[in-house]
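As a plain string of letters, each chain reads:
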Amino acid sequence: MIEYYFTLRLSYNECLDYYHGRFSSLQVVEDGGKTIRFAATHLRPFISSLGVRGRFRLLLTPENKFIRLERVA
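A brief structural summary. (Residues numbered from 1 in each chain as written. Predicted model: local features only at pLDDT ≥ 70, side-chain atom pairs only at ≥ 80, totals over all residues. Heavy atoms only, no water.)

### Quick word on the pattern of salt bridges
And then number 1: With the rule as written, the count across this model stands at 5 salt bridges.
And then number 2: Glu3 serves as the salt-bridge partner of Arg57, at 2.9 Å between the closest nitrogen and oxygen. Linking Arg57 in strand E4 (residues 52-60) with Glu3 in strand E1 (residues 2-10), this pair joins segments that are 54 residues apart in sequence.
And then number 3: A relative accessible area of 19% places Arg57 in the buried class.
And then number 4: Judged by relative accessible area, Glu3 falls into the partly exposed class, the value being 39%.
And then number 5: Among the ionic pairs, Arg55 bridges to Asp31, the shortest N-O distance being 2.2 Å. Remark: Asp31 occurs in the loop between strand E2 (25-29) and strand E3 (35-39) and Arg55 occurs in strand E4; sequence separation between them is 24 residues. (Salt bridge = Lys/Arg side-chain N within 4 Å of Asp/Glu carboxyl O. Helix = DSSP H or I, 4+ residues; strand = E, 2+ residues; numbered from the N terminus. Buried < 20%, exposed > 50% of the residue type's maximum accessible area, 1.4 Å probe, protein only.)

What follows is the structure in structure tokens.
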């Protein structure tokens, strides 16, 4: 299992574009400097009235297939 940690801060209005499918993927830079792209639909459980804010862990298989996204802080 591969794991990446990153911090994400999106306003509520920015989240709406992802939530409504205007963008299909999200690109982040993890703590080690690597750029990672994953499906924007994985953000939906984390959207609040403030948007999305927090520290996250992305878990992937050794073949880079999505396992889960977790908020860690």
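### Remarks on the side chain of Glu30
And then number 1: Tracing the chain through its elements places Glu30 in the loop between E2 and E3.
And then number 2: Buried within the structure, Glu30 lacks any salt-bridge partner; Lys34 is the closest side chain of opposite charge, at an N-O distance of 6.8 Å.
And then number 3: Only 2.9 Å separates the side chain of Glu30 from the backbone nitrogen of Gly32, close enough to count as a polar contact.
And then number 4: Setting aside anything within four residues of it in sequence, one finds Glu30 in contact with Tyr4, Tyr5, Phe6 and Ile36. (Lys, Arg positive; Asp, Glu negative; His and termini not counted. Polar contact = N/O pair within 3.5 Å; in protein donor to acceptor, adjacent residues only side chain to side chain. Contact = heavy atoms within 4.5 Å.)

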